[in-house]
There are 4 protein chains.
Amino acid sequence: MAMRASVHRFTMRDPADVSQLALAIERGQVNPAHIVAFIGKTEGNGLVNDYTRGYLVLSLKLLLAAQLGKTQEEITRSVIFVFSGGTEGVLTPHYTVFCVDRQAPAATAVPAPAPGTKRLAIGRAFTPVPEPQEIGTRAQVNMVADAVHRAMAEAAITDPADVHFVQVKGGCVTSDVAQAALARGAKLASSDPNKSMAFTRVAGAFGVMQGLGEIAPEAVDEASFFTRPEIWSARASISSGIEVGENEVVVFGNAAGWTSDFVIAHHTMEDALDINGIYACLDDLGIAARGDNRATGIERIVCALVKCEPDARGQVRGQRHTMWQDGDINAQRHIRGAVGGLVAGVLGDTRIFVSGGAEHQGPPGGGLLALIARAA
Amino acid sequence: MAMRASVHRFTMRDPADVSQLALAIERGQVNPAHIVAFIGKTEGNGLVNDYTRGYLVLSLKLLLAAQLGKTQEEITRSVIFVFSGGTEGVLTPHYTVFCVDRQAPAATAVPAPAPGTKRLAIGRAFTPVPEPQEIGTRAQVNMVADAVHRAMAEAAITDPADVHFVQVKGGCVTSDVAQAALARGAKLASSDPNKSMAFTRVAGAFGVMQGLGEIAPEAVDEASFFTRPEIWSARASISSGIEVGENEVVVFGNAAGWTSDFVIAHHTMEDALDINGIYACLDDLGIAARGDNRATGIERIVCALVKCEPDARGQVRGQRHTMWQDGDINAQRHIRGAVGGLVAGVLGDTRIFVSGGAEHQGPPGGGLLALIARAA
Amino acid sequence: MAMRASVHRFTMRDPADVSQLALAIERGQVNPAHIVAFIGKTEGNGLVNDYTRGYLVLSLKLLLAAQLGKTQEEITRSVIFVFSGGTEGVLTPHYTVFCVDRQAPAATAVPAPAPGTKRLAIGRAFTPVPEPQEIGTRAQVNMVADAVHRAMAEAAITDPADVHFVQVKGGCVTSDVAQAALARGAKLASSDPNKSMAFTRVAGAFGVMQGLGEIAPEAVDEASFFTRPEIWSARASISSGIEVGENEVVVFGNAAGWTSDFVIAHHTMEDALDINGIYACLDDLGIAARGDNRATGIERIVCALVKCEPDARGQVRGQRHTMWQDGDINAQRHIRGAVGGLVAGVLGDTRIFVSGGAEHQGPPGGGLLALIARAA
Amino acid sequence: MAMRASVHRFTMRDPADVSQLALAIERGQVNPAHIVAFIGKTEGNGLVNDYTRGYLVLSLKLLLAAQLGKTQEEITRSVIFVFSGGTEGVLTPHYTVFCVDRQAPAATAVPAPAPGTKRLAIGRAFTPVPEPQEIGTRAQVNMVADAVHRAMAEAAITDPADVHFVQVKGGCVTSDVAQAALARGAKLASSDPNKSMAFTRVAGAFGVMQGLGEIAPEAVDEASFFTRPEIWSARASISSGIEVGENEVVVFGNAAGWTSDFVIAHHTMEDALDINGIYACLDDLGIAARGDNRATGIERIVCALVKCEPDARGQVRGQRHTMWQDGDINAQRHIRGAVGGLVAGVLGDTRIFVSGGAEHQGPPGGGLLALIARAA
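Computed from a predicted model, the values in this text were never measured in an experiment.

Asks: Please set out the interface of chain A and chain D residue by residue, giving values where relevant.
Replies: Often, the extent of an interface is quoted as the loss of accessible area upon association of its parts. Taken residue by residue, the interface counts 17 residues in chain A and 17 residues in chain D. Between chain A and chain D lies a buried interface of about 1,400 Å² when both sides are counted; carbon and sulfur atoms form 36% of it. When the buried surface of chain A facing chain D is broken down by residue, Gln325, Gly327 and Asp328 of chain A rank first, second and third, together holding 38% of it. Our enumeration of links across chain A and chain D arrives at 2 salt bridges. The partner of Asp328 of chain A in a salt bridge is Arg333 of chain D, with the nearest N and O atoms 3.7 Å apart. Linking chain A with chain D are 6 residue pairs in polar contact (both at pLDDT 80 or more), by the criterion used here. Its residues placed into classes, the side of chain A that touches chain D shows 6 nonpolar, 7 polar and 4 charged.

Asks: Hey, could you go over helix H5 (residues 175–183) of chain A for me, with residue numbers and the actual values?
Replies: All names here are of chain A. All of the buried residues along H5 are Ser175, Ala178 and Ala181. One side of H5 holds all its buried residues, which, seen down the axis, span an arc of 130°. In this structure, the buried side of H5 is in contact with helix H6 (193–211). Where H5 ends, the next residue or the one after it, Gly185, has phi of about 90°, a positive value.

Asks: Break down the packing of aromatic side chains for me, with residues and values.
Replies: Tallying each qualifying case throughout the model produces 36 aromatic pairs over all chains. Ring centres 6.0 Å apart and planes at 55° place the aromatic pair Phe38 of chain B and Tyr95 of chain B in the tilted group. Placement of the pair is Phe38 of chain B in strand E2 (residues 35–42) and Tyr95 of chain B in strand E4 (residues 94–104), with a sequence separation of 57 residues. Neither residue differs from the other here; Phe38 of chain B and Tyr95 of chain B are each classed as buried. Every member of this aromatic cluster is reached through a ring pair, and the members are Phe10, Phe38, Phe81, Phe83 and Tyr95 of chain A. Stacked on the ring of Phe353 of chain D, the Lys or Arg Lys41 of chain D has its end atom at 5.9 Å from the ring centre.

Asks: Lay out the sheet that holds strand E5 (residues 119–126) of chain B in plain terms, naming residues and giving numbers.
Replies: All names here are of chain B. Strand order in this open sheet of 4 strands is E5-E8-E6-E7, and the pairing throughout is mixed. With one partner strand each, in any of the chains shown, E5 and strand E7 (236–240) form the two edges of the open sheet. Strand-to-strand, the axes of this sheet are offset by a mean angle of 15°, without reference to chain direction. Packing of helix H6 (residues 193–212) onto the sheet brings it into contact with strand E6 (163–170) and E7, and relative to E7 it is tilted by some 150°.

Asks: Talk me through the interface of chain A and chain B; I want residue IDs and the actual numbers.
Replies: At the junction of the two partners, chain A supplies 47 residues and chain B supplies 47 residues. Summing the contributions of chain A and of chain B, the shared interface buries around 3,600 Å²; its carbon and sulfur component is 50%. Sorting the residues of chain A by area buried against chain B places Leu273, Gln319 and Arg320 of chain A first, and these three jointly supply 17% of that buried surface. In this assembly, chain A and chain B are joined by 4 salt bridges. The salt bridge partner of Glu43 of chain B is Arg320 of chain A, with a shortest N-O separation of 2.6 Å. Broken down by secondary-structure element, the contributors of at least two residues to the side of chain A that touches chain B are helix H7 (275–284), strand E12 (319–320) and helix H8 (331–347) of chain A. Looking at the side of chain A that touches chain B element by element, the count peaks at 10 residues for H8 of chain A. When the residues that make up the side of chain A that touches chain B are grouped by side-chain class, the tally is 16 nonpolar, 16 polar and 15 charged.

Asks: Please give an account of the relation of the copies chain A and chain B that cites residues and values.
Replies: Between chain A and chain B, the superposition needs a rotation of 180° and an axial shift of 0.0 Å, giving an RMSD of 0.0 Å. Both chain copies can therefore be described as sitting about a two-fold axis. No C-alpha of chain A lies nearer the rotation axis than that of Leu342 of chain A, which sits 2.0 Å from it.

Asks: Quick one: what's the story with unusual backbone geometry, residue by residue and with numbers?
Replies: Residues and elements named next belong to chain A. Although it is not a glycine, His360 sits at a positive phi angle of roughly 65°. Its location among the elements puts His360 in the loop between strand E13 (353–355) and strand E14 (367–374). Residue His360 is classed as buried on the basis of its relative accessible area of 4%.

Asks: Got a sec to walk through the packing of helix H2 (residues 52–68) of chain A against helix H2 (residues 52–68) of chain C? Specific residues and values, please.
Replies: Where H2 of chain A meets H2 of chain C, the axes come as close as 10 Å, and the angle between the chain directions of the two elements is 40°. By crossing handedness, the relation of H2 of chain A to H2 of chain C is classed as left-handed. Facing H2 of chain A, whose interface residues are Gly54, Tyr55, Leu58, Ser59 and Leu62 of chain A, H2 of chain C presents Gly54, Tyr55, Leu58, Ser59 and Leu62 of chain C.

Asks: I'd love a proper account of the confidence of the model for chain A, names of residues and values included.
Replies: The predicted coordinates should not be examined in detail at positions where pLDDT is low. Model confidence for chain A is summarised by a mean pLDDT of 95, while 98% of its residues fall at 70 or above. Interface predicted TM-score (ipTM) for the complex: 0.95; the corresponding pTM is 0.95.

Asks: Just give me the short version of the relation of the copies chain A and chain D, but keep the residues and values in it.
Replies: When chain A is brought onto chain D, the operation consists of a screw motion whose angular component is 180° and whose axial shift is 0.0 Å, with 0.0 Å RMSD remaining. Of the residues that chain A buries at the interface, 100% are likewise interface residues in chain D, meaning the two copies contact each other through the same surface.

Definitions and cut-offs
Residues numbered from 1 in each chain as written. Chains lettered and ligands numbered in written order. Predicted model: local features only at pLDDT ≥ 70, side-chain atom pairs only at ≥ 80, totals over all residues. Heavy atoms only, no water. Contact = heavy atoms within 4.5 Å. Buried area = accessible area lost by both parts, 1.4 Å probe. Salt bridge = Lys/Arg side-chain N within 4 Å of Asp/Glu carboxyl O. Polar contact = N/O pair within 3.5 Å; in protein donor to acceptor, adjacent residues only side chain to side chain. Nonpolar A, V, L, I, M, F, W, Y, C, P; charged D, E, K, R; others polar. Buried < 20%, exposed > 50% of the residue type's maximum accessible area, 1.4 Å probe, protein only. Helix = DSSP H or I, 4+ residues; strand = E, 2+ residues; numbered from the N terminus. Arc of directions from axis to C-beta. Phe/Tyr/Trp six-rings, centres within 6.5 Å; stacked < 30°, edge-to-face > 60°. Lys NZ or Arg CZ within 6 Å of the ring centre and 35° of its normal. Pairing = 2+ DSSP bridges. Axes fitted to C-alpha atoms, helices over the stretch in contact; angles between N-to-C directions. Least-squares fit on C-alpha atoms with pLDDT ≥ 70 in both. Left-handed = near helix turned anticlockwise from the far one by under 90°. pLDDT = per-residue confidence, 0-100.

Below you can see the structure in the form of structure tokens.
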């Protein structure tokens, strides 16, 4: 018996369309009892008033509840839903389903991994629901760090270096929650919903850094939040939205003891133009596709996860950008469209998870990339 | 004595900032009397109500009028201004100044081109102001085709194969002009300003095709406009906006008889992900930079001109995109951000002219790219 | 025994929040078995990619299915959901629940209507799902007209003059449906989703006119669609969206034989500034509140239903407006915000149903208003 | 000899269209030497990247410079340009020209004001250009207060109660100015351009309050900025934008010693629905038009100036609004459209100056209104 993770990517016609997953379940390609997490892009604006995320979550929960004979609440407690809104530019609304079979027959993997070979490993954990006043604070950092530890344990990953990507989804305050909290005397990191989303992302990033040992707990300082962008994780990806309360953590790595058909790699993007970083990540997977998105091997990629950020200094490689000054299109929508276009062009595929709001997730103005591929 | 074209790229703080050009003139780097055309990106929305284009044109005209002791009207008659709004994503507001010295000393080019070597050649021409009812019709096609011929003649290009890029800027009807025209019984291709802009682009594209001999005049059929996307030019780039009346045409090619320090190449983009096409264009210029935007040689690029288009079929490489269904961000803004991000990533530079609305300019869902580089 | 209609208005925190209705059901204030229709505003953009409508519909169906022990499909077949997206400006996301008790004790109305008094009457009907090629055509007109007749019959309204408001909700083609239809050779009124929504609204408006006898069936001509704005209904309100297939029709009037506590009135708005028309509608209800939205009597209003339209001629009372030329905000969003602000200001309440896209629904550039009030 | 103020309202086709003023000058209806200020609405987004304001200012300066034989710089020093971007909903791009003839023949006013009658009086003043670090601070407050005093003196208004409207236009930091200031160690109220615009508005409002004696200088506390909305002026209207550096102040009142044909009144709007406040302002001018925007007398109105604000508490009269949570349309655009629609509906005219960002300018969630009318 062995653990075995699998990865299934589906697209949808609209945020309520879960028909591709339903069909895969019907055909036996996906065992709904094995699903541990979803990561995907929906076609809203990716900002506070983006309800496409919640709409898809509800639709998926209804499907799983029906398939598994469970209540929506039971699904909520056992599966992690991480959706980022905004399919700017060429991006395709899609979601990737991550399954874990903890009792897979050892012989199923094809090709069978050689002894000692590390293959895709997945673990997840939940935090309690933070109080409004805990959002964006040390308390949230600790919650997330603890959840990272628990998720690594579930994935049987002992060396943090084997972790290649940590996805966190956390909540934020809405206008009315903020008003209520302020009315009862609570002190909020921010009462502005968009800013509150950013605080959750920052606390989540520090939580991942602490959880992976990239930063010592005593070095975490709320005063660094937003102000010291040189402190960053190369493996943290944090999304935020009103549709969740608690923080949800999924750890992805390569580990022995797993017989998955997949491997994962990650690389830093130094800035929004860092095509070299994308190719370096392909290199790590043994895929030679420089300047050729139709090259053999590139079809092994089954999932691309990207975090990026409009450079806060207003420049990319010394030239001004206008993302922060645009009153018509939010800066996160701008950068998702641009970096999404770049990664999609390199890979020749538009089903890319690109999430903005990369504060402390990758270098300032840059971000990070993780690619999951079929094992060669 | 020889003809000599030069290329100068400047950025600006805002659409009225022409200080970099003013400084270059002051320092003798640009001779204002040699300026024949501007092509650039301003930071508006690139749609009908984008006044950043007109604001920059006015600012540049005031500068040139003062420098040359001419009136604004004289500048308007002798210089072509082609500005496309929309610096989505990483794009930088900038403009490229094209100069032609028709009486340059033969010896100035460094390195001196070998006999028979073709170097950057530029010619331009204006059409009359089309009547509202001529916009988007055969009449506008003929106007543009004729202007292409005159511009080629000015550039001393005899073989249409030596033309690598033709930029056209044309007007459109505004709501009030359309109302007035309809009131007097005129039949308009469209009374919707955004649609009218599209008609000008289509007529311009057919005009370039006819002018370059890519299509026979008798094969031009208004019924093909918009409906037969398989008819396209690989070298036509048409912009449209309310700030001009007439069609303005600039032809770029490589030609003997010019001692310019620059050369131009172009390539088709098959779709919005066609990174291979971008690298092929670099190949034509002898720049080897596959997967490496910091490679030696890439700094030779001084101007990148791109046309692109959201795929009308709603898909990119078989996957759905959401550009046409987004009520918040115009489809042209989406595609400029994505393709701009891709080209900027390949070149390592955000000063890219990316113009949407590529109907009949490049393959459907794709577009075209021209790069100007210092001669090797 | 008598028929009795009731009206309940609820607000929500987000498009999935149906807690106020759930509470009203729990408290016995609303009998879920009596619900015949919902009309409301959700906080999306009101355009093609507005999924807040579908999200609320799903949430309400789940509630009613659970309360009534029915399937979602059974709810879909028995209840009409009409949601318009877009709460621009001061507008509040809300929905009004319309109930009909067809076997109410005669004595319940307070005050009991005098014999012969007409009170609020409601009837509804569904059409088949139109084929993509039927959308925006005579076929859809006939479908809707027939449904109006059936809905009037259900409401026991015999005199069309007693009908004060007819709400229709119909579908549209999405990009992929359009592509599929075109691929199989279908001829569509439009393959553009936004335009398709407009075609459904126009066909619906002519359907209501035909159903109410405002236009003779033989006078309905597809060539009039969009082109003859002087043909309009003062009582038709049509919404469109991707979340429904069939056309759903609800007729509101005052009729004898009903013991409802409510009455309805309607009035034309000549243009977007027609405050006189709003006050005239209040006059019809016996509410004197000119220039005073805190006047006694105004609290009797329980539901305000408005259709409006950006003037296609680009002017309001001789002055230019910019709604049609704005590339950043859709014209329908502009007009909903403006007319919503006006009606809300007159009534002193932001829970106004304001729906754009009033082609042939009210005078060109104007629209119509219906108010439901408690009986005096 | 007497002072005499006059008011001329013009519309434009686009932000560069100053033809109506040019014509009025040509016809002798406006003496360009008498122009002291412009207040108007342009059709941009009204946010940081709205260049329509600067484009119109440049166009007007070119006109006046040509007409008066002055340089642009001389015009800048002698005339105040206050443009607010954003003609949401029904609003019409327009500008009002305010002229002062300080040596008018006493007999020109028709009807001649009775002795002791107060008529429209206008004065203006400029502050120095604040340093980036002064924006949004006590220093800016003092600058503005001092300018209010000087402007009142110029208007010969001695009793602050005779002041009915004070318009201030001030600058803000852009991204690059902010970066430069931070780089040299300056401490900024905010480095975010949109937030910086808000700080200028707040400092301006306190400056007007101090200047009019509504607040004692020692009671002005930076800690109150944004946090104590109950401190507000009923007569301050502050706009901000990147196109000016200094603060520009125009004071409007009624004063003896002026023979103008016009009078001014103002009134508070308690919230965004306060139609009663608008009618109260009409009452003050002797115009009876309750519920009737075609009433006799309403045509006397020649200028309407409005400040408004999305309620920070997220509610209007107890009902939720969505303005602050909308990631697609800025909250200020929402509120301008709604309040503009209301005021336009009351007055029957879309040429309304509606400016958002009313922090400390009118009650929280409300705003203020000033109307200028021909003397009865």
